[in-house]
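In case you want the letters, here they are:
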Amino acid sequence: MSAREFWYVIENDNLYRISENDGHAYIRKGPQRIKIFLSTVEEARKAFPVELAKAHLKSSWISTTAFLQENSDVLRQ
């Protein structure tokens, strides 16, 4: 059985929903990414508040992870 993973990102003050195939479809066809424009960040505050929050959490998590990886030697001291 195939499934699609999806997540939300903010790029250039726009909110996008990105999905990618997973499981059996990934093995058969390889990665197939679909990027759908939802709205601007301003409009998303009213129309897509949950999705906007998820996008902010994802970008915060990525930033934190990148910071920790770059400074891992300093943090170990």
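That block above? That's the structure.
Residue positions within a chain follow its written sequence, with the count starting from 1. Note on the predicted model: pLDDT of at least 70 is required for a residue's local features to be given, and 80 or more for side-chain atom pairs to be given and counted; whole-chain, interface and lining totals, by contrast, use all residues. Hydrogens and water molecules were not included; the side-chain quantities draw on all heavy atoms of the structure.

K.L.:
Give me the pairing of strand 2 (residues 14-23): which residues, what numbers.
P.N.:
Consecutive side chains along a regular strand alternate between the two faces of the sheet. Burial classification: accessible surface area is computed with a 1.4 Å probe over protein chains only, and a residue below 20% of its type maximum counts as buried, one above 50% as exposed, and the rest as partly exposed. What counts as a helix is a DSSP run of H or I of at least four residues, what counts as a strand is a run of E of at least two, and both are numbered from the N terminus. Across the ten residues of strand 2, seven count as buried, placing the element largely inside the fold. Here the rule is simple: two strands pair whenever DSSP picks up at least two bridges between them. Bridge analysis of strand 2 against strand 3 (residues 33-40) gives seven bridges, and the strand direction is antiparallel. Directly across from Asn-14, in strand 3, lies its bridge partner Thr-40.

K.L.:
So what's going on with the nonpolar core? Which residues, and what values?
P.N.:
What is meant by a nonpolar core is a set of buried Ala, Val, Leu, Ile, Met, Phe, Trp, Tyr and Cys residues, joined one to another through side-chain atoms within 4.5 Å. If you look at the biggest cluster of nonpolar residues, it comprises six residues: Tyr-8, Leu-15, Val-41, Ala-44, Leu-52 and Ala-55. Going through the elements one at a time, helix 2 (41-47) and helix 3 (49-70) are the ones with two or more residues in this core. Contacts were defined at the residue level, with two residues in contact if any of their heavy atoms lie within 4.5 Å. Residues contacting Leu-52, with those up to four places away along its chain left out, are Ile-10, Leu-15, Val-41, Ala-44 and Arg-45.

K.L.:
An account of unusual backbone geometry is requested, with residue identities and associated values reported.
P.N.:
With a phi close to 50°, Asn-12 is a non-glycine residue in the positive phi region. Take Asn-12: it is sitting in the loop between strand 1 (2-11) and strand 2. In the Ramachandran plot, Asp-13 falls in the positive-phi region, its phi being about 60° despite a non-glycine side chain. Mapped onto the secondary structure, Asp-13 falls in the loop between strand 1 and strand 2.

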